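Descriptive analysis of the structure
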Amino acid sequence: MKKVLHRTIVLLCFIGSAKLFAQTENTIPPILSLFDYMQVSIERVKNVAPHFPMEYKKGSYQNQLISWLEKHPAEWTALSTLPEFTKSGIGWTTYGIPAKYVTEPEQVNSSWYGWYKASGVTSEEKGRLFPHFPELDMTLKGDTQGLNFERRVGMWQRLYPKEYIAFLNAPKIRAVNPYITGKVDIQYLPRFIGAEVTEAAPVKLNTGDELADEFDYQLKLRNWLFIFFPEKFDAAYGNDYDFPADFSAASYRKNWKQYMERKKNPEWGTTTQGK
C-alpha cells in the first residue's frame with residue numbers, strides 16, 4: 001500500500017512539473033508583451049524588422065531573440081528607434097535584450113533637440129514641414145554639440161520663419177508642449193530686410209566664428225538679391241517668407257539705404273517688425 005501511494009505521489013509530482021514546464025514554454029515573452037502594452041502592432045514590427053521572431057512556442061525564445069539580434073542588427077536598430085519606444089525610454093534589458101545590444105541614447109544639452117526628439121516627428125514629416133530644421137553636428141560632443149545646435153536653431157528661426165511657424169503648429173510638436181494652445185501665428189518682417197549691403201555681391205566674413213559669419217552672409221545675400229535681383233530672390237527664397245500687408249517691396253527697393261540706416265538704430269524692429 002505504501003509503495004502504491006509513493007508511486008502515486010511521484011506521478012502527481014511529475015504531472016505537476018510537466019504542467020508548470022508547459023506553462024513556462026507557452027508564456028508570452030516580455031518583449032512581445034511590451035509591444036502589446038505600447039500598442040505597437042505586429043504588422044508595424046514586421047515592417048521594420050521582418051525577421052523578428054514571433055513563434056515563442058517553438059523552442060527557446062531567448063535563443064531565437066539573440067540569433068535575430070546577431071543576424072539582423074539593422075532591424076534591431078530600426079525597431080528600437082521607433083518613436084513609441086524612444087519617447088518612453090525603454091529599459092530593454094528587462095525585456096530580454098542583452099545589455100551589449102543596447103545603445104544608450106546620447107544626451108544632447110539642448111531643449112530644442114529634446115523637444116524635437118520627444119515629438120517623434122518622422123523624417124518625412126520634417127522634410128515636408130520644416131526641411132531646414134538643423135541636424136546635430138555629430139563631429140561635436142557634450143555641451144559644445146548642444147550649444148552649436150541651439151545657435152543653428154536660432155539662425156533657422158530667422159532665415160526660415162515660415163518653417164518655424166509650421167514647426168510650432170505641427171501636431172506632434174504641439175502634443176509634447178502643454179504651453180502651446182491654439183494655432184500659433186507670428187507677425188514678422190523678414191530679418192534680412194535692412195541687412196547692410198552694397199551694389200556689389202556680399203562676401204562672407206572670416207572672423208573665426210563660423211556660424212555667425214554664415215548667418216551674417218545669408219542675411220546679406222537675401223537682402224542683396226531681394227533689392228537688385230528680385231526674380232532670383234523669388235526663385236531661391238520666395239517661398240520662405242511672408243511680408244506684412246503694409247510692406248511695399250517697391251518702396252523698399254527704392255529706399256534701401258534708408259532702411260539700412262534705420263536698422264542701425266537699436267530700437268528698430270522692436271514692435272512687430274524685425275523679429
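Worth saying up front: this structure is predicted, and the values here are computed from it rather than measured. (Residues numbered from 1 in each chain as written. Predicted model: local features only at pLDDT ≥ 70, side-chain atom pairs only at ≥ 80, totals over all residues. Heavy atoms only, no water.)

Considerations on the overall build of the protein chain
Assigned secondary structure in the protein chain consists of 15 helices and zero strands. Counting the 275 residues in the protein chain, one finds 36% classified as buried. Counting only contacts in the protein chain whose residues sit at least 6 apart along the sequence, the fraction spanning at least 24 positions is 64%. In the form shown here, the protein chain has an accessible surface area of approximately 17400 Å², with 56% of it arising from carbon and sulfur atoms. (Helix = DSSP H or I, 4+ residues; strand = E, 2+ residues; numbered from the N terminus. Buried < 20%, exposed > 50% of the residue type's maximum accessible area, 1.4 Å probe, protein only. Contact = heavy atoms within 4.5 Å. Areas by Shrake-Rupley, 256 points an atom, 1.4 Å probe, with all protein chains shown as cover.)

Comments concerning the nonpolar core
Counting residues in each nonpolar core, the largest one holds 45 residues, and the members touching the most others are Trp-112, Phe-130, Phe-133, Trp-156, Phe-167, Ile-193 and Tyr-252. Listing elements by their share of this core, those giving two or more residues are helix H7 (111-119), helix H9 (142-159), helix H10 (161-169), helix H12 (210-228), helix H13 (230-237) and helix H15 (256-263). Per-element tally for this core: the top contributor is H12, with eight residues. If you look at the next biggest cluster of nonpolar residues, it comprises 23 residues, including Ile-31, Trp-68, Leu-69 and Trp-92. (Core = buried A, V, L, I, M, F, W, Y, C linked by side-chain atoms within 4.5 Å.)

Quick look at the pattern of salt bridges
Summed over all chains, the structure comprises ten salt bridges. For Arg-44, the salt bridge identified is with Glu-84, shortest N-O distance 3.0 Å. In this pair, Arg-44 sits in helix H3 (residues 42-48) while Glu-84 sits in helix H6 (residues 83-86), placing the two residues 40 residues apart along the sequence. Take Arg-44: its relative accessible area is 31%, and that puts it in the partly exposed class. On the accessibility criterion, Glu-84 (22% relative accessible area) is partly exposed. With its nearest N and O atoms 3.2 Å apart, the salt bridge here joins Asp-216 to Lys-220. Placement of the pair is Asp-216 and Lys-220 together in helix H12, with a separation of four residues, close to one helical turn. On the basis of relative accessible area, Asp-216 is assigned to the partly exposed category, the value being 23%. (Salt bridge = Lys/Arg side-chain N within 4 Å of Asp/Glu carboxyl O.)

Overview of the layout of surface pockets
Its boundaries defined by the atoms lining it, the second largest pocket holds a volume of some 180 Å³. For the second largest pocket, the full set of lining residues is His-132, Pro-134, Arg-152, Met-155, Trp-156, Leu-159, Tyr-160, Glu-214 and Gln-218. Breaking the lining of the second largest pocket down by element, the ones donating at least two residues are H9 and H12. The leading source of residues in the lining of the second largest pocket is H9, at four residues. Tallied by class, residues from the lining of the second largest pocket come to five nonpolar, two polar and two charged. (1 Å grid on protein atoms, 1.4 Å probe; cavity = no way out; pocket = protein on both sides within 12 Å on 5 of 7 lines; lining within 4 Å. Points joined across faces, edges and corners; volume = space filled by probe spheres on them. Nonpolar A, V, L, I, M, F, W, Y, C, P; charged D, E, K, R; others polar.)

Focus: the side chain of Asp-213
Take Asp-213: it is sitting in helix H12. Despite being buried, Asp-213 has no salt bridge partner; Lys-204 is the closest side chain of opposite charge, sitting 7.7 Å away. A polar atom in the side chain of Asp-213 sits 2.8 Å from the side chain of Thr-207. Beyond its immediate sequence surroundings of up to four residues, Asp-213 is in contact with Lys-204, Leu-205, Asn-206, Thr-207 and Gly-208. (Lys, Arg positive; Asp, Glu negative; His and termini not counted. Polar contact = N/O pair within 3.5 Å; in protein donor to acceptor, adjacent residues only side chain to side chain.)

A short note on H7
Listing the buried residues of H7 in full gives Trp-112, Tyr-113, Trp-115, Tyr-116 and Ser-119. Along the axis of H7, the buried positions cluster into a sector of 160°, meaning they face one direction only. For H7, the secondary structure elements touched by its buried residues are helix H8 (123-129), H9, H10 and helix H11 (171-175). Of the residues one or two after H7, Gly-120 is the one with positive phi, at around 75°. (Arc of directions from axis to C-beta.)

Quick look at the packing of H7 against H10
Packed helix pairs are specified by the crossing angle of their axes together with the interaxial distance, meaning the distance between the axes. In the contact formed by H7 and H10, the axes pass within 12 Å of each other and the chain directions differ by 55°. Judged on the interaxial angle alone, H10 and H7 are oblique. Facing H7, whose interface residues are Trp-112, Trp-115 and Tyr-116, H10 presents Tyr-164, Phe-167 and Leu-168. Looking at the contact of H7 with H10 residue by residue, the classes come out as six nonpolar, no polar and no charged. (Axes fitted to C-alpha atoms, helices over the stretch in contact; angles between N-to-C directions. Parallel < 35°, antiparallel > 145°, perpendicular 65-115°, else oblique.)

Some details on the environment of Val-121
On the secondary structure map, Val-121 appears in the loop between H7 and H8. When sequence neighbours within four positions are dropped, the list of residues in contact with Val-121 reads Tyr-116, Lys-126, Phe-130, Lys-172 and Ile-173.

Comments concerning unusual backbone geometry
Here the phi dihedral of Gln-39 falls at roughly 60°; this positive angle occurs in a residue that is not glycine. Relative to the elements of secondary structure, Gln-39 occurs in the loop between helix H2 (30-37) and H3.

All quantities given are derived from atomic positions and should not be read as evidence of function.
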